[in-house]
Amino acid sequence: MQKPIGPPIGLVLANTAKTLNRAFDATLAAAGGSLPIWLILISLKTRPADNQRQIAAAVGIQGATLTHHLNAMETDGLITRSREPGNRRVHQVRLTAKGEKLFMRLAEAAQAHDAKLRNGFSSDELDCLGDLLARMAGNVTD
C-alpha cells in the first residue's frame with residue numbers, strides 16, 4: 001500500500017463542501033431564505049405549473065418534507081396551492097408576488113455568492129476545476 005501524498009482527497013472535498021454549504025446557507029439566510037426555499041422557488045420559476053410531486057422530484061426531497069416547507073411558504077404568502085380540477089388529489093403550486101420578490105432577492109444573493117466563489121480564478125482554471133470534479137464523481141459512480 002502506497003503512502004498517501006497528502007490528506008485523503010475525499011476528506012478535503014467533504015470539508016470544503018461543508019464550508020461552502022454553510023457559507024451559502026448564511027448568504028441565503030441573510031437574504032431572507034434558505035436552501036430548501038431557494039430550490040423550491042427555482043423549481044417554480046423554471047416550471048411554473050408544477051404540482052407538489054413534480055417539485056419534490058425536482059428539488060430532491062421527500063413529499064412530507066416538501067409539504068412542511070410549502071405549508072410555511074404558503075403561511076408566509078410566498079405561494080398559493082390549489083387542487084387540480086381533473087385530479088383533486090394533486091395540488092398545483094404557484095408563486096405569489098411576494099414569492100417573486102423573494103426569488104429575485106435570493107437570485108441576487110446566489111449570484112453574488114457565486115461571484116465570490118469564482119474570485120481569483122481564471123475561466124480556464126474554473127473550466128479545469130469543473131472537469132476534474134466531474135471526473136472524480138465519475139470515478140465513484142461508474
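Residues numbered from 1 in each chain as written. Predicted model: local features only at pLDDT ≥ 70, side-chain atom pairs only at ≥ 80, totals over all residues. Heavy atoms only, no water.

Let's shift gears to the environment of Thr 27. Position of Thr 27 relative to the elements: it lies in helix α1 (residues 9-30). Residues Thr 27 and Ala 14 lie 13 residues apart in sequence; the distance between their C-alpha atoms is 20 Å. Among all residues touching Thr 27, those that are not within four sequence positions of it are Ala 109 and His 113. A polar atom in the side chain of Thr 27 sits 3.3 Å from the side chain of His 113. (Helix = DSSP H or I, 4+ residues; strand = E, 2+ residues; numbered from the N terminus. Contact = heavy atoms within 4.5 Å. Polar contact = N/O pair within 3.5 Å; in protein donor to acceptor, adjacent residues only side chain to side chain.)

The next subject is a negative patch on the surface. A cluster of acidic residues, Asp 124, Glu 125, Asp 127 and Asp 131, forms a negative patch at the surface. Positionally, Asp 131 belongs in helix α6 (residues 123-141). (Patch = residues over 30% accessible without salt bridge, like charges linked within 9 Å, V, L, I, M, F, W, Y side chains within 5 Å. Areas by Shrake-Rupley, 256 points an atom, 1.4 Å probe, with all protein chains shown as cover. Salt bridge = Lys/Arg side-chain N within 4 Å of Asp/Glu carboxyl O. Lys, Arg positive; Asp, Glu negative; His and termini not counted. Charge placed at Lys NZ, Arg CZ, Asp CG, Glu CD.)

Moving on: the confidence of the model for the protein. The share of residues in the protein with pLDDT of 70 or more is 97%, and the mean pLDDT across the chain is 91. Mean pLDDT across the secondary structure elements of the protein bottoms out at strand β2 (residues 87-95), with 78, and peaks at helix α5 (residues 97-118), with 97. (pLDDT = per-residue confidence, 0-100.)

We now examine the packing of aromatic side chains. Overall, the coordinates contain 1 aromatic pair when judged by the stated rule. Ring plane angle 25° and centroid distance 5.4 Å describe the contact between Trp 38 and Phe 103, whose orientation is recorded as stacked. Within this pair, whereas Trp 38 is found in helix α2 (residues 35-46), its partner Phe 103 is found in helix α5, the two being separated by 65 residues in sequence. In this structure, Trp 38 and Phe 103 share a single accessibility class: buried. (Phe/Tyr/Trp six-rings, centres within 6.5 Å; stacked < 30°, edge-to-face > 60°. Buried < 20%, exposed > 50% of the residue type's maximum accessible area, 1.4 Å probe, protein only.)

Right, let's talk about the nonpolar core for a bit. Ranked by size, the top nonpolar core spans 24 residues in total, and within it Trp 38, Ile 40, Leu 41, Met 73, Ile 79 and Leu 106 carry the most contacts. Mapped onto this core, the elements with two or more residues apiece are α1, α2, α3 (52-59), α4 (63-75), β2 and α5. When near neighbours in sequence (up to four residues on either side) are disregarded, Leu 41 contacts Met 73, Leu 95, Gly 99, Leu 102, Phe 103 and Leu 106. (Core = buried A, V, L, I, M, F, W, Y, C linked by side-chain atoms within 4.5 Å.)

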